[in-house]
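Listed here are the chains, written in short residue letters.
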Amino acid sequence: MNAIMEMHLSIVTNKPQTTRRRVLGIDTKDDTQLVFLDTPGILKPTYRLQRSMMGFVDEALDEADIICVVVDTPKAIERGNILDPMWAGIIERRKRPTVLVLNKMDAVKIRKEALPLMEQARESGLFAKAIAVSARDNKFIEDLMVMLRELAPEGPFQYDPELASDQTDRFFVAEFVREAVFKQFTEEVPYATEVMITEFKEREGGKWYISADVIVERENQKAILIGSQGVALKQVGQAARASIEQHLGQPVFLELYVKVRNDWRNDRAQLASMGY
Ligand SMILES: Nc1nc2c(ncn2[C@@H]2O[C@H](COP(=O)(O)OP(=O)(O)OP(=O)(O)O)[C@@H](O)[C@H]2O)c(=O)[nH]1
Ligand SMILES: [Mg+2]
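Just so it is clear, the model here is predicted, and its values are computed rather than measured. (Residues numbered from 1 in each chain as written. Chains lettered and ligands numbered in written order. Predicted model: local features only at pLDDT ≥ 70, side-chain atom pairs only at ≥ 80, totals over all residues. Heavy atoms only, no water.)

Colleague: How should I be thinking about the overall build of the protein in this particular structure?
Modeller: Assigned secondary structure in the protein consists of 11 helices and 8 strands. In terms of C-alpha radius of gyration, the protein reaches 20 Å, essentially the compact-globule figure of 19 Å for 276 residues. Dimensions along the principal axes, computed over C-alpha positions, put the protein at roughly 55 × 40 × 40 Å. By residue count, 45% of the 276 residues in the protein fall in the buried class. (Helix = DSSP H or I, 4+ residues; strand = E, 2+ residues; numbered from the N terminus. Rg over C-alpha atoms; globule rule 2.2 N^0.38 Å. Buried < 20%, exposed > 50% of the residue type's maximum accessible area, 1.4 Å probe, protein only.)

Written out as structure tokens, the structure reads:
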């Protein structure tokens, strides 16, 4: 979605389960408007947050006219399989035109190795079309767009063509902070982290003031996030601020507070307060 929209709308990290909600992207060119719903990846939930994440996937699948299945091609080649059978069932039920997008082709040395995956896609009968692309290098992204335009139903624009999303600045700011945490820390800290914006003040002619709670599950995670003399948290703030300023086109003053909420990922009330 980011490659198509030439915008950093959905946060990207090398860790799985980065996307937790549905991120909406609107691409309007001439007489065509494509609306993308980026979702978490499909998984078997082991905690309540993941159940909610899969709820967002279900809603998006119900809403969409076209389903794009984006595959990590080098991994699929290694596995010898495009899809988990469980996912195939979830997609098949929807009976929508479905496009297989074999991504990360820049990381496939021998392109021929992707051919058996294409063959599998054909045999599965799941896909209306298949295409091999590289989001990183922007290769064959335009061809994918042409494919999607052909499959998309005709109708009036659903959104103001000037808009890139219908989600709030607060949402994207929280996501950029979470992205910085995902990038900076290993192991459990990113997964135990959620970000909630507590203040968002637009100031005429000055830096906007944004304050956010960075929520973790345990005291030891809080200590890791803050780091010795607050150095780690400061780095998170610096990285996040760069993305936020880029997104808002506006200098900001960003303040982060780390808070502990025990086991929030499994706590119904906590999750509800976060919008999950
Ligand atoms: N080499 C290469 N890497 C890519 C490409 N597209 C994405 N990546 C990398 O793949 C990793 C995962 O990207 P994401 O966009 O977070 O993947 P996702 O499918 O949305 O994953 P979740 O949100 O975690 O479910 C990141 O490190 C990206 O930089 C590509 O075309 N080529
Ligand atoms: Mg994602």
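Colleague: Would you explain the pattern of salt bridges in this entry?
Modeller: Pairing is possible between side chains that carry opposite charge, provided their charged atoms lie close to one another. For the structure shown, the criterion picks out 18 salt bridges. Here E199 makes a salt bridge to K201, at a shortest N to O gap of 2.6 Å. By relative accessible area, which is 31% here, E199 ends up partly exposed. (Salt bridge = Lys/Arg side-chain N within 4 Å of Asp/Glu carboxyl O.)

Colleague: What should I look at first to understand unusual backbone geometry in this one?
Modeller: If a residue is not glycine, its phi is most likely negative; likewise, a peptide bond is most likely trans. Despite not being glycine, Q17 has its phi angle at roughly 60°, a positive value. Along the chain, Q17 falls in the loop between α1 (2-5) and β1 (23-29). A positive phi angle, close to 55°, is found at D263, a residue other than glycine. Here D263 is to be found in the loop between β8 (252-260) and α11 (268-273).

Colleague: Sorry, what's going on with the domain arrangement of the protein here?
Modeller: When the parts come together, some accessible area is lost, and that loss is often what is quoted as the size of the interface. When its domains are assigned, the protein resolves into domain 1 (2-151) and domain 2 (169-273). The distance between the C-alpha centroids of domain 1 and domain 2 comes to 28 Å. The partner domain 2 presents 21 residues to the 16 residues of domain 1 that form the contact. Around 1,800 Å² of area is buried between domain 1 and domain 2 when both sides are counted, 55% of it from carbon and sulfur atoms. (Domains from an automatic or database assignment. Contact = heavy atoms within 4.5 Å. Buried area = accessible area lost by both parts, 1.4 Å probe.)

Colleague: Before we go on, may I ask you to explain the site of ligand 1 in this structure?
Modeller: Close to ligand 1 lie 15 residues; Q17, T18, T19, K104 and D106 are nearest. Interatomic distance of 2.7 Å between a side-chain N/O atom of D106 and a nitrogen atom of ligand 1. Separating an oxygen atom of ligand 1 from a backbone N or O atom of R136 is a distance of 2.9 Å. Burial of ligand 1 by the protein chains amounts to 67% of its free accessible area of 650 Å². Residue composition of the shell around ligand 1, grouped by class: 3 nonpolar, 8 polar and 4 charged. (Near = heavy atom within 4 Å. Polar contact = N/O pair within 3.5 Å; in protein donor to acceptor, adjacent residues only side chain to side chain. Areas by Shrake-Rupley, 256 points an atom, 1.4 Å probe, with all protein chains shown as cover. Nonpolar A, V, L, I, M, F, W, Y, C, P; charged D, E, K, R; others polar.)

Colleague: Help me understand the packing of aromatic side chains, please; the structure alone is not making it clear to me.
Modeller: Centre distance and the angle of the planes are the two values used to describe a pair of aromatic rings. Tallying each qualifying case throughout the model produces 5 aromatic pairs. Judged by centre distance (5.4 Å) and plane angle (70°), the rings of F182 and Y191 are edge-to-face. Relative accessible area serves as the criterion here: at 0%, F182 is assigned to the buried category. The side chain of R21 reaches across the aromatic face of Y276, ending 3.9 Å from its centre. It is R265 that lies over the ring of Y47; its NZ or CZ is 4.7 Å from the centre. (Phe/Tyr/Trp six-rings, centres within 6.5 Å; stacked < 30°, edge-to-face > 60°. Lys NZ or Arg CZ within 6 Å of the ring centre and 35° of its normal.)

Colleague: Any chance you could explain the sheet that holds strand β4 (residues 98-103) here in plain terms?
Modeller: Two strands in a sheet stick together by hydrogen bonds in their backbones, pointing the same way (parallel) or opposite ways (antiparallel). Spatially, the 3 strands line up as an open sheet ordered β3-β4-β5, and their pairing is parallel. The open sheet terminates on both sides in strands that have one partner only, identified here as β3 (67-72) and β5 (129-132). Going across the sheet, the axis of each strand differs from the next one's by a mean of 20°, ignoring polarity. Taken strand by strand, helix α6 (residues 141-151) contacts β3, β4 and β5, and its axis lies near 165° from that of β5. (Pairing = 2+ DSSP bridges. Axes fitted to C-alpha atoms, helices over the stretch in contact; angles between N-to-C directions.)

Colleague: How should I be thinking about the pairing of β4 in this particular structure?
Modeller: The side chains of a regular strand alternate, residue by residue, between the two faces of the sheet. Counting buried residues in β4 gives 6 out of 6 residues, a clear majority hidden from the surface. Side-chain alternation along β4 places T98, L100 and L102 on one buried face and V99, V101 and N103 on a second face that is also buried. As paired elements, β3 and β4 share 6 bridges and run parallel to each other. Across the sheet, the residue bridging to C68 is V99, located in β4. Note: β4 against β5, 4 bridges, orientation parallel. Its bridge partner being in β5, V99 is matched across the sheet by K129. Once you follow β4 into helix α5 (residues 115-124) and on to β5, the crossover reads as right-handed. (Right-handed = clockwise from strand over helix to strand, strands pointing away.)

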